[in-house]
Amino acid sequence: MSESTLSMSAPRVRVSRAALEKNIAAAAAGRRDVVVDLRRDACGHGAATVAESARAAGVTAARTDEPADAVALGMHPSAGPALDLDAVYGLNGRGAPALTFAAPVLQTKRLRAGDGVSYGYRHRATSDTNAALISGGYAQGVARAIGGTASVRFGDAERPIIGRVAMDVCVVDIGSDLELESGAEAVYFGGSAPHLLDDWVRATGWSALELVAVVGLSAPREVVP
């Protein structure tokens, strides 16, 4: 598989400027000396993108890994208390989700009752069904603990991840009523399905912010309006 094909088949993190600006403006409303925390590449959302959105929302001070980083990002360095990160990134029901994690379908396959999937065949189909192989595994920040406990969204339909999460892929039981072609998008969380991140939280014991940061720092990232 060529490098360009691998790039096209990789999962994607989409960061919304509009969501960030709206969230930051709401969190900063009525406050003085407001600071936005941009450390660790803004928790995987992209420090430059979050800084731009903060300035658009009227926030010009930032905490960064090094004071010089704030200046390079067009912000004033500050060690003061920062805006709540859940509110900035739209987590736990606080604002609009700023980050969507999605991946393309690589292929679909018929499963017969008893067929096993993924490492060790930990999951076996209980009846005839269809499975989709989707891009994204633990190398891109997909928590291995979500195998068998979380779902992904295809349009308006949600289907469960089955078997173990592999290094670069997951397997999803799409049933017999959902027709998908290669390239169709599966949403792990965010966008129209922010609640799917709750499954990751329950499976791992990590916070929503921790999980989003790992994905944002691991998977290819793009910025959308």
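Refer to the structure above for everything that follows.
To keep things clear, this report deals only with the structure shown in the data block. (Residues numbered from 1 in each chain as written. Predicted model: local features only at pLDDT ≥ 70, side-chain atom pairs only at ≥ 80, totals over all residues. Heavy atoms only, no water.)

**So, the packing of helix α7 (residues 196-204) against helix α8 (residues 208-218)**
One way to put it is that α7 packs onto α8 with a least axis distance of 9 Å and a crossing angle of 105°. Classed by the angle they form, the pair α7 and α8 counts as roughly perpendicular. Contact residues: α7 offers Leu197, Trp200, Val201 and Thr204, while α8 offers Ala208, Leu211, Val212 and Val215. Among the residues forming the contact of α7 with α8, the class breakdown is 7 nonpolar, 1 polar and no charged. (Axes fitted to C-alpha atoms, helices over the stretch in contact; angles between N-to-C directions. Helix = DSSP H or I, 4+ residues; strand = E, 2+ residues; numbered from the N terminus. Parallel < 35°, antiparallel > 145°, perpendicular 65-115°, else oblique. Contact = heavy atoms within 4.5 Å. Nonpolar A, V, L, I, M, F, W, Y, C, P; charged D, E, K, R; others polar.)

**Some words on the packing of aromatic side chains**
The relative placement of two aromatic rings is captured by the distance of their centres and the angle of their planes. Within the structure shown, the criterion is met by 5 aromatic pairs. Relative to Tyr188, the ring of Phe101 has its centre 4.8 Å away and its plane inclined at 20°; by these criteria the two rings are stacked. Of the two residues, Phe101 is situated in strand β5 (residues 99-111) and Tyr188 in strand β12 (residues 185-189); the sequence distance between them amounts to 87 residues. Assigned by exposure class, Phe101 and Tyr188 land together as buried. On the basis of an interplanar angle of 50° and a centroid distance of 5.8 Å, the ring pair of Phe101 and Phe189 is categorised as tilted. With Phe101 in strand β5 and Phe189 in strand β12, this pair connects stretches of sequence that are 88 residues apart. Of the two residues examined, Phe101 and Phe189, each falls in the buried class. (Phe/Tyr/Trp six-rings, centres within 6.5 Å; stacked < 30°, edge-to-face > 60°. Buried < 20%, exposed > 50% of the residue type's maximum accessible area, 1.4 Å probe, protein only.)

**Let's talk about the nonpolar core**
In terms of nonpolar packing, the biggest core is built from 59 residues, with Tyr89, Phe101, Ile134, Phe154, Tyr188, Phe189 and Trp200 touching the most fellow members. Per element, the largest residue contribution to this core is 6 residues, and it comes from α8. With 6 residues, the next largest nonpolar core counts Leu111, Ala125, Ala131 and Ile162 among its residues. (Core = buried A, V, L, I, M, F, W, Y, C linked by side-chain atoms within 4.5 Å.)

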